[in-house]
Amino acid sequence: MKNENKKNRAQGLNEDEVFQKRLEKHCDELKWLYMELYRNDSMFAELCDHMKQFYQERNKTLKKLDGKREADPNWYKQNDMLGMMFYINNFAGNMKGVKDKLDYIEQCNVNYIHLMPFLDTPKGRSDGGYAVSDFRKVQEELGSMEDLERLTAACHRKKINVCMDFVMNHTSEDHEWAKKARQGEGEYMSRYFFFENSYEPSLYEKTVPQVFPTTAPGNFTWIADAGHFVMTTFYPYQWDLNYKNPRVFNEMMYNFLYLANRGIDIIRIDAVPYIWKELNTSCRNLPQVHTIVRMMRIISEIVCPGILLLGEVVMEPEKVVPYFGTVEKPECHMLYNVTTMATTWHTVATRDVKLLKKQLDIVNSLPKDYVFLNYLRCHDDIGWGLDYGSLLEEGMEERSHKQYLNDFFQGYAGESNSRGELYNADPITGDARFCGTTASMCGIEKAGFEQNSQAMEKAVRQDLMLHAYMFMQSGIPVLYSGDEIGQVNDYTYKEDPDKAEDSRYIHRGAMKWDLAGNVMDMDTVEGKIFQGLDKLEKIRKAEKVFVSNADTWTIETWDKSVLCIGRYFEGHKIIGLFNFSEYDKTAWINETDGDYVELISGNEMQPIGVNIPAYGYYYLKKK
Ligand code: GLC
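Worth saying up front: this structure is predicted, and the values here are computed from it rather than measured.

Caption draft 1: Highlighting the overall build of the protein chain. Helices and strands together make up the secondary structure of the protein chain, namely 23 helices and 24 strands. The globule rule puts the C-alpha radius of gyration for 623 residues at 25 Å, and the 24 Å found for the protein chain is close to it. Counting only C-alpha atoms, the protein chain reaches 70 × 65 × 45 Å along its principal axes. Counting every position in the protein chain, which comprises 623 residues, the buried fraction comes to 62%. Across the protein chain, every contact between residues at least 6 apart in sequence was considered, and the portion connecting residues at least 24 apart equals 70%. Accessible surface, the protein chain as shown: approximately 24600 Å² in total, 49% of it carbon and sulfur. Computed over 74 positive and 93 negative side-chain charges, the separation of the two mean positions in the protein chain equals 5 Å.

As structure tokens, this is what we get:
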């Protein structure tokens, strides 16, 4: 911060000149991209005016932070970065409650919190908050914009970053634009996709897949009082915005900057692949989407360069990576490591690390500046987006393998201890996704129910092993709140008619603070998991080799169930071993480049023919 501010001061730049300097750097490219999509000079001029206004409104503390981060663009790649995501009401009732829980967040070694959607949304038609009816209003029961600003400021004092969702693909049908469109106001109808009859919708349906085939089939909804169909890729109450209209783009950028100015550090661009639609295409990942994301990146670098863009691209790897953009023209700072997450659970079910090793090799071969968010599960279902080409070579065919995974995680097959439920089981394609908490999928729920202490010990070990492995991946790890104490599935959503249809709520239960009271007690599940994670997190914080841009690679162990990951950064080297099976194993590795110490136990241990217990994990550090 001092440097950049000093530099600007040394150059005699006042605040306006700082803005001007950034604008000049990017203006040509921004204009070029804008004209490519919209060919509209006056709307572009309006956008620039508004950017300036949002810059002027941005408070001094945030501007200082921007300067500091501009001077150190790798600030978020540090080895202490650890995220946690939660719904505000489930975690602490409301925004003030979250502020009161910041000590707990620090106790979890977390320095980045993702506040799940908290903007105004209609009750019972909210899709977990992803149907926004007002981008400038916080849900009343959670607090106000002032509470949000107080919370982000309190987080910044503790060096905690705050992430929020920017749901830009659609608005709620209760959004003021949608209400006006419903009343037939052409100006607002043109902000969505309206069709008088089913002809065009039926043409789209030929090429556009379905997101929610069971809970919300089709991509269009008939609005009887408007006498029109409207495009609704997600739920019928989520109306897709039409980004061909520059008014939509401009207004949504103003909303984005307004939210950034409330002190948000990380903007998660929800459902970003879907934001541009064209007939005769899948309406996903079209080139114009990248133009828009690149413009967002430029706009934020001009107005609020301290913020990061996190793209939600739940797609196969070749579709995900382009959202990083290029070195000269970056788009998102971070993306979800979704295929690795799904492949991890495939590995849990098969106890065979082959596909996972291959997947990690793909990720590790990408430029080190690409930062992935690693996670075991999030608020959404787990979709079985695996590399079926490779699996077929092993004799595993897609449909039956998906069936096996779903049976396994429901606890029906393969000596499984998992518990959970299917999501959007499609009777036509036979496809289904899966929902459950990490702990339930590892057998903690079943062992608890059966009061089987041996099974519980195994389940806890498997849960910790998966976290230890996740922390070793290249990128930034994010926990789902409650996973740090091994919270199990919550079946109460079935009693709430607004939620009962959507099994994702099974893993979105309220934080059990009574159980969190046990975190210091090693005789409890909560204590074992919390302390086990604490140990790993403290190792990450202490060892520079865990920076997100370290060299990361896999090592052959010659055992089907044992995964080995190496990491190297500035003279430091670490080797992680993870046993995905319920049997003791030997990892036939042979690293003879020096003496090693195992960081979790503190024991001397050489990475040569290592015996590793069932669901065991080691972090071996070269001395
Ligand atoms: C994203 C969210 C998901 C939501 C969807 C529609 O995929 O993660 O929860 O249903 O967008 O907004």
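Now that the structure has been shown, we can carry on.
Caption draft 2: Representation of unusual backbone geometry. With phi around 65 degrees, Asn 109 is a residue other than glycine that occupies positive phi space. Residue placement: Asn 109 occurs in the loop between helix H7 (102–107) and strand E2 (112–115). Positive phi is not limited to glycine here, since Glu 570 has a value of about 40 degrees. With respect to the element layout, Glu 570 can be found in the loop between strand E19 (562–569) and strand E20 (572–579). A residue is classified by how much of its surface remains accessible, and Glu 570, at 59% relative accessible area, is exposed.

Caption draft 3: Up close: the pairing of strand E18 (residues 551–555). Bridge count between E18 and E19: 5 bridges; the pairing is antiparallel. Across the sheet, Ile 555 pairs through a bridge with Cys 564, a residue of E19.

Caption draft 4: Helix H13 (residues 287–303), seen in detail. With 17 residues, H13 extends 25 Å between its outermost C-alpha atoms, agreeing within 8% with the 24 Å of an ideal straight helix rising 1.5 Å per residue. Burial of H13 is extensive: 15 of the 17 residues sit out of reach of the surface.

Caption draft 5: Structural context of the nonpolar core. Judged by nonpolar contacts, the single largest core of 198 residues is most densely connected at Tyr 243, Trp 345 and Phe 578. Here the element with the most residues in this core is helix H21 (residues 453–472); it accounts for 11 residues. Residues contacting Tyr 243, with those up to four places away along its chain left out, are Tyr 38, Met 168, Val 248, Phe 249, Met 252, Ile 275, Trp 276 and Ile 292. Within the second largest apolar cluster, 13 residues are counted, among which are Val 562, Leu 577, Ile 589 and Met 605.

Caption draft 6: Quick look at the site of the ligand. Close to the ligand lie 13 residues, the nearest being Asp 127, Asp 270, Glu 312, His 379 and Asp 380. The side chain of Arg 504 places a nitrogen or oxygen atom 3.1 Å from an oxygen atom of the ligand. For the ligand, whose unbound accessible area comes to 300 Å², protein coverage reaches 95%. Looking at the shell around the ligand residue by residue, the class counts come to 3 nonpolar, 3 polar and 7 charged.

Caption draft 7: Expanded view of the side chain of Asp 380. In this structure, Asp 380 sits in the loop between strand E14 (371–374) and helix H17 (388–393). The buried category is assigned to Asp 380, whose relative accessible area is 15%. A polar contact is formed between the side chain of Asp 380 and the side chain of Arg 504, at a distance of 2.9 Å. The contacts of Asp 380, once residues within four sequence positions are left out, are Arg 268, Glu 312, Arg 504, His 507 and Arg 508.

Caption draft 8: Just the pattern of salt bridges, in detail. With the rule as written, the count across this model stands at 52 salt bridges. The salt bridge partner of Glu 173 is Arg 125, with a shortest N-O separation of 2.7 Å. One end of the pair, Glu 173, is in the loop between strand E6 (170–172) and helix H9 (176–182); the other, Arg 125, is in the loop between strand E3 (119–120) and strand E4 (134–138), and 48 residues separate them in sequence. Residue classification places Glu 173 among the buried positions, given a relative accessible area of 15%. A relative accessible area of 29% places Arg 125 in the partly exposed class.

Caption draft 9: View of the packing of aromatic side chains. With the rule as written, the count across this model stands at 37 aromatic pairs. Ring centres 6.1 Å apart and planes at 70 degrees place the aromatic pair Tyr 469 and Phe 578 in the edge-to-face group. With Tyr 469 in helix H21 and Phe 578 in strand E20, this residue pair connects regions lying 109 residues apart in the sequence. Considered together, Tyr 469 and Phe 578 belong to a single accessibility category, that of buried residues. Relative to Phe 580, the ring of Tyr 469 has its centre 5.6 Å away and its plane inclined at 75 degrees; by these criteria the two rings are edge-to-face. With Tyr 469 in helix H21 and Phe 580 in the loop between E20 and strand E21 (585–590), the pair connects residues that are 111 residues apart, well separated along the chain. Accessibility classification places Tyr 469 together with Phe 580 in one group, the buried group. An aromatic cluster of three or more residues is present, and its members are Phe 212, Phe 234, Tyr 235, Tyr 237, Tyr 274 and Tyr 423. The lysine or arginine in question, Lys 101, covers the ring of Trp 513, its NZ or CZ lying 3.9 Å from the ring centre. The ring of Phe 471 has Arg 540 sitting right over it, with the charged end atom 5.9 Å from the ring centre.

Conventions used here
Residues numbered from 1 in each chain as written. Predicted model: local features only at pLDDT ≥ 70, side-chain atom pairs only at ≥ 80, totals over all residues. Heavy atoms only, no water. Helix = DSSP H or I, 4+ residues; strand = E, 2+ residues; numbered from the N terminus. Rg over C-alpha atoms; globule rule 2.2 N^0.38 Å. Buried < 20%, exposed > 50% of the residue type's maximum accessible area, 1.4 Å probe, protein only. Contact = heavy atoms within 4.5 Å. Areas by Shrake-Rupley, 256 points an atom, 1.4 Å probe, with all protein chains shown as cover. Lys, Arg positive; Asp, Glu negative; His and termini not counted. Charge placed at Lys NZ, Arg CZ, Asp CG, Glu CD. Pairing = 2+ DSSP bridges. Expected span 1.5 Å × (residues − 1). Core = buried A, V, L, I, M, F, W, Y, C linked by side-chain atoms within 4.5 Å. Near = heavy atom within 4 Å. Polar contact = N/O pair within 3.5 Å; in protein donor to acceptor, adjacent residues only side chain to side chain. Nonpolar A, V, L, I, M, F, W, Y, C, P; charged D, E, K, R; others polar. Salt bridge = Lys/Arg side-chain N within 4 Å of Asp/Glu carboxyl O. Phe/Tyr/Trp six-rings, centres within 6.5 Å; stacked < 30°, edge-to-face > 60°. Lys NZ or Arg CZ within 6 Å of the ring centre and 35° of its normal.

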